[in-house]
Amino acid sequence: MSRIQLLPEILASQVAAGEVVERPASVVKELVENSIDAGARTIQTSIRRGGISLIRVVDDGCGMDPDDALLCLERHATSKIRSSEDLAAIGTLGFRGEALPSIASVSRFRLTTREAGAVAGTEIVVSGGRIETVRDGGEAPGTQIEVRSLFYNLPARRKFLRSENTESRNVEHQLYLQATGHPQIAFAFVRDEKIAFQLPAASSLRERIRDLHGSDLVAQLLEVQSAGGRSRIEISGLIGRAGLSRQTRTQQLVFVNGRAIESPVLTAALREGYHTALMKGQFPVTFLFLTIDPAAVDVNVHPAKREVRFRDPAGVREALVEAIRRTLEGGRSDWQQQFSAPAEPPVERLNQLPEIARGPQQTNLPHREFDQFELRTPTVESRFAPPPVVPPSHEDAEGPPAWSENLANNGDAIAAPASQEFQIIGVLNKLYVLMENANGLVLVDQHAAHERVLFEELRRRMEEKGVPSQRLLLPQTFDLPPRDAEWVERNVAALQKMGIGIEPFGANTFKIDSLPTFLHAVDAATFMREVIDGLRNMSNSSSALRLGEDMIAKTVCRHAVKANDPLRYLEVEKLIRDLLACELPYCCPHGRPTMIQISLGELEKKFGRKV
Ligand code: ADP
Ligand code: MG
């Protein structure tokens, strides 16, 4: 007797459901995606008890005629693709024709649907995959799907569900994703008979994000706009400015052709794009949209369509890294506007300043003195703690006012020197520089600020002359696996520029005889392995530079002005100027913020002057 049998249709659907329908949130995902594909302008989702007892999605999309309504419950029935050419370039969210039969096979399911202009609609009731009722229905045009008692016939699956609260949160997150991906559609979410959110159709992503997360977040987002590159990819959306980060990935969203995607390629690209603008272990805030020729992405990778395969992953990665990098650096002037007096553009102002910095009252802030990456903190004699301190006198009438003058000038726009875009008020707790600008109060972390200044200075030198290196007492040789060896051989020149004296020494063997000066006492072979691991994952040519940056960022911290190193007024002032002249002034090389602005408006709110 033969042992192989075809599975009954319902069982086959339940097997498929195992992949597509994991939990209430995945049901919501499939149903909402269907509504979007059906051209809905409004989608309302309701759940009860975390979606375990009920999920209902109502849309005003194109609806189905009675034949389609029946057919859509068959496995592999879809209106979205017809041929394998269609499969190669998918333009809709769905295409597998699996979701509805899968969901209907593991729940008590009810579909009502009606095409606009049709006299009557159709209602179908299915239980555990078996059709129980088909009749005319009288709902409004569009489609309404109700899923009750999810997994009632698959107790093993039901056991894997989490608490109602967790499931409900997952559903909500799923709706956030869809709502972010489709701002032009109105979304509503009702949880246990209470409205959780109601989003009107928005005219832009910015508006949708504001409705979802509030205007405080929107104020910290930068607009990304880029098109072209090797893989002809268009990138748009909003990303958090440097220094803005989260402990989880929940606000790190990337949509590829309208679909929220989780992809190691994209995650790595975000990380590389942010690079020093992101704290270790933190995640950026991104609402990014990649538009790419559908033929250049394969969506048919994961049954729940959460992943994609790119035809040219390196090209996508490069485009994304570049778009983020440019946006963050562009965001710098945006930020500086906040720090400037309204009268004058800050960048121009800063260009006039170096005379003061390099003039006769050259202060002894550490980094100016170091020529060979020799970093020192200010000498003890040079420190004293303001305030209350009389600043060193200076001949230059244009120079910074004394602490006391500063205080006297507070709030007096006319008396304040026209050339000042900020005024230093004092230093709190030997760490936070307090400043006033047109917007209100600015707090600067002097340690983080100094790290950023040193970091950019060192990086500039690395780009110009390469990193000075120091000979090892004993050259070291070591072996590498063939693929690593091949990589090193191709990159010897870049490595040498980074101060690593490495050369081939026979098959798969290399010799190192020098390392960057500022790396103290490391084991050359271990260091080299770190370098290879760090770099091999990167694809583009800027990577050698990036790794060099990593090395610098690691060492800079040790050399920067420490939290409670008291600085003199001029030192503080110069530090602030140097900081504002940096490419990414608002975070240290480890991604921590260097400055925090507290606006006059916020202060007024706190003091109850304004509601
Ligand atoms: P897929 O979305 O992959 O095509 P589904 O099982 O999710 O497969 O849906 C099957 C078909 O049912 C869709 O191709 C579509 O034609 C139809 N359909 C599903 N949901 C809706 C809806 N909300 N409005 C109109 N048609 C729908
Ligand atoms: Mg679908």
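### Describing the overall build of the protein chain
Then, in step 1: The secondary structure content of the protein chain amounts to 21 helices and 24 strands.
Then, in step 2: Approximately 29000 Å² of the protein chain is accessible, and the part contributed by carbon and sulfur atoms is 51%.

### Brief notes about the site of ligand 1
Then, in step 1: Asn34, Thr78, Ser79, Lys80 and Gly97 are the nearest of the 20 residues found near ligand 1.
Then, in step 2: Between ligand 1 and Gly97, the relevant distance is 2.8 Å, taken from an oxygen atom to a main-chain nitrogen or oxygen of the residue.
Then, in step 3: At 3.2 Å, a side-chain N or O of Thr143 approaches a nitrogen atom of ligand 1.
Then, in step 4: Considering ligand 1 on its own, with 530 Å² of exposed area, one finds that the protein chains cover 93% of that surface.
Then, in step 5: Of all the secondary-structure elements, those providing two or more residues to the shell around ligand 1 are helix H2 (24-37) and helix H5 (99-105).
Then, in step 6: Looking at the shell around ligand 1 element by element, the count peaks at 3 residues for H5.
Then, in step 7: Split by residue class, the shell around ligand 1 holds 8 nonpolar, 8 polar and 4 charged.

### Points about the pairing of strand S1 (residues 42-48)
Then, in step 1: Of the pairings in the sheet, the one linking S1 to strand S7 (residues 186-191) comprises 6 bridges and is parallel in character. Bridge pairing in S7 links Ile43 to Phe187.
Then, in step 2: Across 6 bridges, S1 lies against strand S2 (residues 54-59) in antiparallel orientation. Bridging from a neighbouring strand, Ser46 pairs with Arg56 of S2.
Then, in step 3: The loop that links S1 with its antiparallel partner S2 comprises 5 residues; one of these, Arg49, has a positive phi angle of about 50°.

### Describing the packing of aromatic side chains
Then, in step 1: Under the counting rule described, the total for this entry stands at 3 aromatic pairs.
Then, in step 2: Summarising the aromatic geometry, the rings of Tyr176 and Phe197 are spaced 5.6 Å apart at their centres and angled 15° between planes, so their arrangement reads as stacked. Taken together, the positions of Tyr176 in helix H7 (residues 164-181) and Phe197 in strand S8 (residues 194-199) put the pair 21 residues apart, joining distant regions of the chain.
Then, in step 3: Each residue in the set Tyr176, Phe189 and Phe197 is aromatic and connected to the rest through ring pairs, giving one cluster.
Then, in step 4: The ring of Tyr152 carries Arg108 above its face, with NZ or CZ at 3.9 Å from the centroid.

### Section: the packing of H7 against helix H8 (residues 205-213)
Then, in step 1: The interhelical angle for the contact between H7 and H8, taken along N-to-C directions, is 155°, at an axis separation of 9 Å. As summarised for this structure, H7 and H8 are arranged roughly antiparallel, according to the angle between their axes. Each of Tyr176, Ala179 and Thr180 in H7 lies in contact with H8, whose residues at this interface are Leu205, Arg208, Ile209 and Leu212.

### Section: H2
Then, in step 1: Between its first and last C-alpha, H2 extends 20 Å over 14 residues, near the 20 Å set by a 1.5 Å rise per residue.
Then, in step 2: Counting buried residues in H2 gives 12 out of 14 residues, a clear majority hidden from the surface.
Then, in step 3: Considered for burial, the residues of H2 that qualify are Pro24, Ala25, Ser26, Val27, Val28, Lys29, Glu30, Leu31, Val32, Glu33, Ser35 and Ile36.
Then, in step 4: Phi turns positive, to about 80°, at Gly39, one or two residues after H2.

### Some points on the sheet that holds strand S18 (residues 423-428)
Then, in step 1: Spatial strand order, S18-S19-S20-S24: 4 strands in an open sheet with antiparallel pairing. Edge positions in the sheet fall to S18 and strand S24 (595-599), since each has one partner strand and no second. Strand-to-strand twist of the sheet, defined as the mean angle between neighbouring strand axes without regard to direction, takes the value 25°.
Then, in step 2: In this structure, strand S20 (residues 440-445) lies alongside S24, joined through 5 bridges in antiparallel fashion. Residue pairing in the sheet places Leu441 in a bridge with Ile598 of S24.
Then, in step 3: Helix H15 (residues 446-465) contacts S18, strand S19 (432-437) and S20 of the sheet and is inclined by roughly 70° relative to S20.
Then, in step 4: Sitting on the sheet, helix H20 (residues 569-580) is in contact with S18, S19, S20 and S24, with an inclination near 115° to S18.

Conventions used here
Residues numbered from 1 in each chain as written. Chains lettered and ligands numbered in written order. Predicted model: local features only at pLDDT ≥ 70, side-chain atom pairs only at ≥ 80, totals over all residues. Heavy atoms only, no water. Helix = DSSP H or I, 4+ residues; strand = E, 2+ residues; numbered from the N terminus. Areas by Shrake-Rupley, 256 points an atom, 1.4 Å probe, with all protein chains shown as cover. Near = heavy atom within 4 Å. Polar contact = N/O pair within 3.5 Å; in protein donor to acceptor, adjacent residues only side chain to side chain. Nonpolar A, V, L, I, M, F, W, Y, C, P; charged D, E, K, R; others polar. Pairing = 2+ DSSP bridges. Phe/Tyr/Trp six-rings, centres within 6.5 Å; stacked < 30°, edge-to-face > 60°. Lys NZ or Arg CZ within 6 Å of the ring centre and 35° of its normal. Axes fitted to C-alpha atoms, helices over the stretch in contact; angles between N-to-C directions. Parallel < 35°, antiparallel > 145°, perpendicular 65-115°, else oblique. Contact = heavy atoms within 4.5 Å. Expected span 1.5 Å × (residues − 1). Buried < 20%, exposed > 50% of the residue type's maximum accessible area, 1.4 Å probe, protein only.

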